[in-house]
Amino acid sequence: MKYKNIREEELKNKVAVDWFSVFDTTEILGNIDFTVFPKQDSLFGRTPLLWAEAKTGNFDIPTMFVQLILTIGKARTFDKTIPPAFLGAFDFKKIAFVPYLSIQDIFYLNDFNWNVTPSNHETKEFLLIKERIEATLKRNTYVFDYEKDEKELAAFIKNNVAKASTTSKLKIDKNNFIPIYLRWLEIVKPTIDVNWDDLKKANIMDSDFYLADLFVDDKDTQTIDDDSTIRDSLFVVYQNQGYKIAKENIKQMFDATIPIKNKETYLQFWKRYKRPPLKEFQDYIIERKDLLLPQDIRERKGAFFTPRIWVELSQKYLTDYLGENWQDEYYIWDCAAGTGNLLAGLTNKYNIYASTLDQADVNVIHERIDHGANLLKNNVFQFDFLNDEFTKLPKSLQDIINHEEKRKKLVVYINPPYAEATSSKTVTGTGENKSGVSTQFKINEILKPKIGNASNEIFALFMANIYDKIPGAIVGQFSKLKFVNGSNFKKFKDYYLAEYVSGFIVPGDTFDNVTGNFPIGFTIWNTGIKSKINIVETDVFDKKGNYQTSKKFYGELPQSINKWIKQFDDSNKNGIGFMENPAPDFQNNSFLNFSMNLGTRHVNYFSFQNFNIIPGACYFSVRLSHEASWLNDRDQFLYPNDGWQTDMEFQNDCLAFALFHGQNRISSEEGTNHWIPFTEYEVNAQAKFESNFMTDFIKGKLKTENTENTLFESGSENSFVSNQPRDFSAEATAVFDAGRELWKYYHAHPSTSSGFGGASKTFNVNASFYDIRAYFQGRNAQGRMNSKSEDEHYNSLIG
């Protein structure tokens, strides 16, 4: 057997190398075992070629496919990203492929419970899927033995998987035809070669071209010849690779075919969607074509305008939870509507309410209604959600809120402001709390005793006010995720008891005017079910709207790493350096450093002594060895287990990491430098160093040679001062070797007193790592260290 007696991860690696080496098989897509993508992006990103289930052992093919289908169906992966051309299943002996199109209907089963464990082969759901697809698999599956069918398998991959063009597409229905139109406006409309002003005079709108595109099949053939209702409703039809005006009284004015300037863009866009729309929704789309009107929703955008791609996705999540007909069965209130862009794509204007703080925004929405926006003027009104009494609301909305059962059918759908009362300047002591950010709200006086410091966040006030005034409502909101794991939200979580349903997170900087590197989430909550916020698992999408993975946020976390490091601190604060201990999450890591002076920020400053250098280095290194990203921005560093105390390699690696890190800002200009990791002899120094503390510490000499100096006495019987030389790993040794060459180069240039590029003006034999960097790199007019030096040899050494 080709792959017998190996683990699943090894099997996947070997299959990837042996059969799919010309593709990208590294992408992780939820819980799908194995994915195959082309290495090159297309115009709209990469389209998956294969999703596969991997098994060690010898499994029957239907069982593997059923587990894969349940995995996809449970996560609804087919809705979050374009499905592949093929599904696959393989074990140590064989691999099988089935075209996705041949089984995709299984994902649209009515009243099917997808929330089962895919690997449990005994559930009724597993057996039902298996029964339904076995006949299809027999007709459409290609099975290859790795050894017996080696040539045939290679040929199939080359001629079918690699050239797959009939990838599965998103089906068009009543809930997504408007969001698809909004994307069509951005991508396809600019490729149509026509004078839009001339068409407007003839009452032909861009939406007429969109409808023409909708009602063709995958071969660009009109599909409504036998349906006079649909045919008579289309003012434009798609013909001969372009458009023809079909409106009777004006078609002679536009006799020529209207061409498409960029056919490739057009084809790539429609590759994502299955046309025509599902049969049961075609009449509805034609009847409601009035919803497809130009949306000038950027005329007055709010501070955090919600991008169309996330509006579309959020409405998809609401549909998944509330059902296909939710817009007819539920009421919707956006109580932070701005100019109403979050409501674009909703269809039932009689069930939609929009309120906003500024009358100017109300005027903009009313103007949009005059031009065809799908809202009612009477349902769009000025209302200060955090100050006004609910008696000011329209009577129809009051009736819903005051009726217990109707209230359960109210969806509060919002993207509230993200302003907060504190900033990094507040923490540094150089600024003050933003006056009026949350204290200007009357509701703050009522809610602060209930939610504590969370009242500094406007979005938290919105959440708490909804919970207080509209109990039982469904909440669908865009917000930061700090209310789940933020340190200021403990009291809030005791108050806000609601069931988490589902949600997703995206990079914050995809929203207008957001510059931070953090996630913004859309989360759905049922306030009618009391449940404390604990674990919130969200789907993760990248900037282009591609599904990546899932991520959990934890409401109840163990003690933090800051609690742990405090027990090793020197309370006398007379150490050889001071390390700032900022809030224990990734977003605050930029403040983490150690220097000679005690800082002024309102945080703890860890005082280094010989007995706590190792715990301090561990703290510093653990926090900075992982790269911060938008996805982990709010992740917390926690109290460690005790294993680090006996892991000498880990301790020594941390010491090496800290000594040569850019946020080691020890400077001999501020006092005696005890942090030089080399002896004078190692670096050919021109004079003796003021302190050999660090090399003595590394060599295990401190206890025996420096006990007469009170600064270096062991402060605890649990001291991490060793009387044996420290044994560094190969990686740490390589760092020391590179550092030694850097120090040598510095000490070989004592005469270059002016430094390089405006660097430090004086050579100092006791220079620290930070001093050497400043000497060669220099500083700009603002006093900041330059990112590189004019000395290329130095640049290679520091690299």
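Details of the structure are given in the entry above.
Residues numbered from 1 in each chain as written. Predicted model: local features only at pLDDT ≥ 70, side-chain atom pairs only at ≥ 80, totals over all residues. Heavy atoms only, no water.

## Quick word on the overall build of the protein chain
Helices and strands together make up the secondary structure of the protein chain, namely 30 helices and 22 strands. Burial statistics for the protein chain: of 799 residues in total, 56% are counted as buried. Within the protein chain, residue pairs in contact and separated by at least 24 positions form 68% of the contacts whose partners lie at least 6 positions apart. Here the protein chain has roughly 35,900 Å² of accessible surface; of this, 46% comes from carbon and sulfur atoms. (Helix = DSSP H or I, 4+ residues; strand = E, 2+ residues; numbered from the N terminus. Buried < 20%, exposed > 50% of the residue type's maximum accessible area, 1.4 Å probe, protein only. Contact = heavy atoms within 4.5 Å. Areas by Shrake-Rupley, 256 points an atom, 1.4 Å probe, with all protein chains shown as cover.)

## A short note on the sheet that holds strand β1 (residues 34-36)
Strands sit in the order β1-β2-β3-β4-β5 across an open sheet of 5 strands; the sheet is mixed. Of all strands in the sheet, those with a lone pairing partner are β1 and β5 (142-145), marking the two edges. Across the sheet, the axes of successive neighbouring strands diverge by a mean angle of 20°, strand direction being ignored. Inspection of the sheet shows strand β2 (residues 50-54) paired to strand β3 (residues 86-90) by 5 bridges, in the parallel sense. In the sheet register, Ala 54 faces β3, and the bridge partner there is Phe 90. The sheet strands contacting helix α2 (residues 61-75) are β2, β3, β4 (94-99) and β5, and the helix crosses β3 at an angle near 125°. (Pairing = 2+ DSSP bridges. Axes fitted to C-alpha atoms, helices over the stretch in contact; angles between N-to-C directions.)

## Points about the packing of helix α23 (residues 613-624) against helix α24 (residues 648-659)
Contact geometry of α23 with α24 gives a least axis separation of 8 Å together with a crossing angle of 70°. One way to sum up the angle between α23 and α24 is to call them roughly perpendicular. Every residue of α24 that contacts α23 at Ile 613, Ile 614, Ala 617, Cys 618, Phe 620, Ser 621, Val 622 and Leu 624 is listed here: Phe 650, Gln 651, Cys 654, Leu 655, Phe 657 and Ala 658. (Parallel < 35°, antiparallel > 145°, perpendicular 65-115°, else oblique.)

## As for the state of the cysteines
Taken as a whole, this structure holds 0 disulfides when the rule is applied. You can see Cys 618 has no disulfide; the closest cysteine sulfur is in Cys 654, sitting 4.1 Å from it. According to the relative accessible area criterion, Cys 618 is buried, its value standing at 2%. (Disulfide = S-S within 2.5 Å.)

## Points about the sheet that holds strand β21 (residues 594-595)
If you trace the 3 strands from one edge of the open sheet to the other, you get β21-β20-β22, paired in antiparallel fashion. At either margin of the open sheet sits one strand with a lone partner, and together these are β21 and β22 (604-607). Bridging between strand β20 (residues 578-581) and β21 involves 2 bridges; their strand directions are antiparallel. Across the sheet, the residue bridging to Phe 578 is Ser 595, located in β21. Those strands touched by α23 are β20, β21 and β22, and its axis lies near 45° from that of β20.

## Things to note about the packing of helix α6 (residues 177-187) against helix α8 (residues 206-214)
For the pair α6 and α8, interaxial distance at closest approach is 11 Å and the crossing angle is 115°. Relative to α8, the element α6 is oriented roughly perpendicular. Relative to α8, α6 is oriented so that their crossing is right-handed. Within the contact between the two elements, α6 uses Phe 177, Ile 180, Tyr 181, Trp 184 and Leu 185 and α8 uses Asp 206, Ser 207, Phe 209, Tyr 210 and Asp 213. Taken together, the residues of the contact of α6 with α8 sort by class into 7 nonpolar, 1 polar and 2 charged. (Left-handed = near helix turned anticlockwise from the far one by under 90°. Nonpolar A, V, L, I, M, F, W, Y, C, P; charged D, E, K, R; others polar.)

## Some details on the environment of Phe 611
As for its placement among the helices and strands, Phe 611 is situated in the loop between β22 and α23. Exposure remark for Phe 611: the relative accessible area of 16% places this residue in the buried category. With 42 residues separating them in the primary sequence, Phe 611 and Asp 569 have C-alpha atoms 9.7 Å apart.

## Quick notes on unusual backbone geometry
For the bond running from Arg 275 to Pro 276, omega is -5°, close enough to zero to count as cis. Tracing the backbone shows Pro 276 in the loop between β10 (273-274) and α11 (279-287). Within the chain, Asn 240 stands out as a residue other than glycine whose phi angle is a positive 50°. Turning to its location among the elements, Asn 240 is positioned in the loop between β7 (236-239) and β8 (242-245). Judged by its relative accessible area of 65%, Asn 240 falls in the exposed class. The backbone of Gln 241 sits at a positive phi, close to 60°, despite the residue not being glycine.

## Overview of a nonpolar patch on the surface
Together, Ile 535, Tyr 554, Leu 557 and Leu 638 give the surface a local cluster of nonpolar side chains, amounting to about 320 Å² of exposed area. Position of Leu 638 relative to the elements: it lies in the loop between α23 and α24. (Patch = residues over 30% accessible without salt bridge, like charges linked within 9 Å, V, L, I, M, F, W, Y side chains within 5 Å. Salt bridge = Lys/Arg side-chain N within 4 Å of Asp/Glu carboxyl O.)

## Remarks on the packing of aromatic side chains
Each aromatic ring pair is described using two quantities: the centre-to-centre distance and the angle formed by the ring planes. Summed over all chains, the structure comprises 76 aromatic pairs. Aromatic side chains Phe 586 and Phe 637 sit 4.7 Å apart centroid to centroid with 40° between the ring planes, which places their arrangement in the tilted category. With Phe 586 in the loop between β20 and β21 and Phe 637 in the loop between α23 and α24, the pair connects residues that are 51 residues apart, well separated along the chain. According to the relative accessible area criterion, Phe 586 is buried, its value standing at 10%. Summarising the aromatic geometry, the rings of Phe 606 and Phe 608 are spaced 5.2 Å apart at their centres and angled 80° between planes, so their arrangement reads as edge-to-face. Take Phe 606 and Phe 608: they sit in the same class, and that class is buried. Following the ring pairs from residue to residue traces out a cluster consisting of Trp 310, Tyr 317, Tyr 413, Phe 478, Phe 504, Phe 511, Phe 522, Phe 541 and Tyr 547. Over the ring of Phe 59 we find Lys 55, and its NZ or CZ is 5.5 Å from the ring centre. We note Lys 409 situated over the ring of Tyr 330; from NZ or CZ to the ring centre the distance is 4.4 Å. (Phe/Tyr/Trp six-rings, centres within 6.5 Å; stacked < 30°, edge-to-face > 60°. Lys NZ or Arg CZ within 6 Å of the ring centre and 35° of its normal.)

## Considerations on the pattern of salt bridges
If you walk through the whole model with that rule in mind, you get 27 salt bridges. With a closest N to O distance of 4.0 Å, Glu 8 and Lys 12 form a salt bridge. With Glu 8 and Lys 12 both in helix α1 (residues 8-19) and 4 residues apart, the pair spans about one turn of that helix. On the basis of relative accessible area, Glu 8 is assigned to the partly exposed category, the value being 27%. Look at Lys 12 and you get buried, because its relative accessible area is 10%. One salt bridge in this structure joins Asp 569 and Lys 573, with 2.7 Å as the shortest N-O distance. Note on Asp 569: relative accessible area 16%, which makes it buried. Given a relative accessible area of 28%, Lys 573 falls into the partly exposed group. When salt bridges with common partners are traced through the structure, they connect Glu 8, Glu 9 and Lys 12 into a single cluster.

## Concerning the environment of Phe 660
Positionally, Phe 660 belongs in the loop between α24 and α25 (680-683). According to the relative accessible area criterion, Phe 660 is buried, its value standing at 15%. Considering only alpha carbons, one finds Phe 660 and Phe 769, 109 residues apart in sequence, at a separation of 6.9 Å. Residues within four places of Phe 660 in sequence aside, it is in contact with Pro 677, Phe 678, Val 735, Phe 736, Gly 739, Trp 743 and Phe 769.

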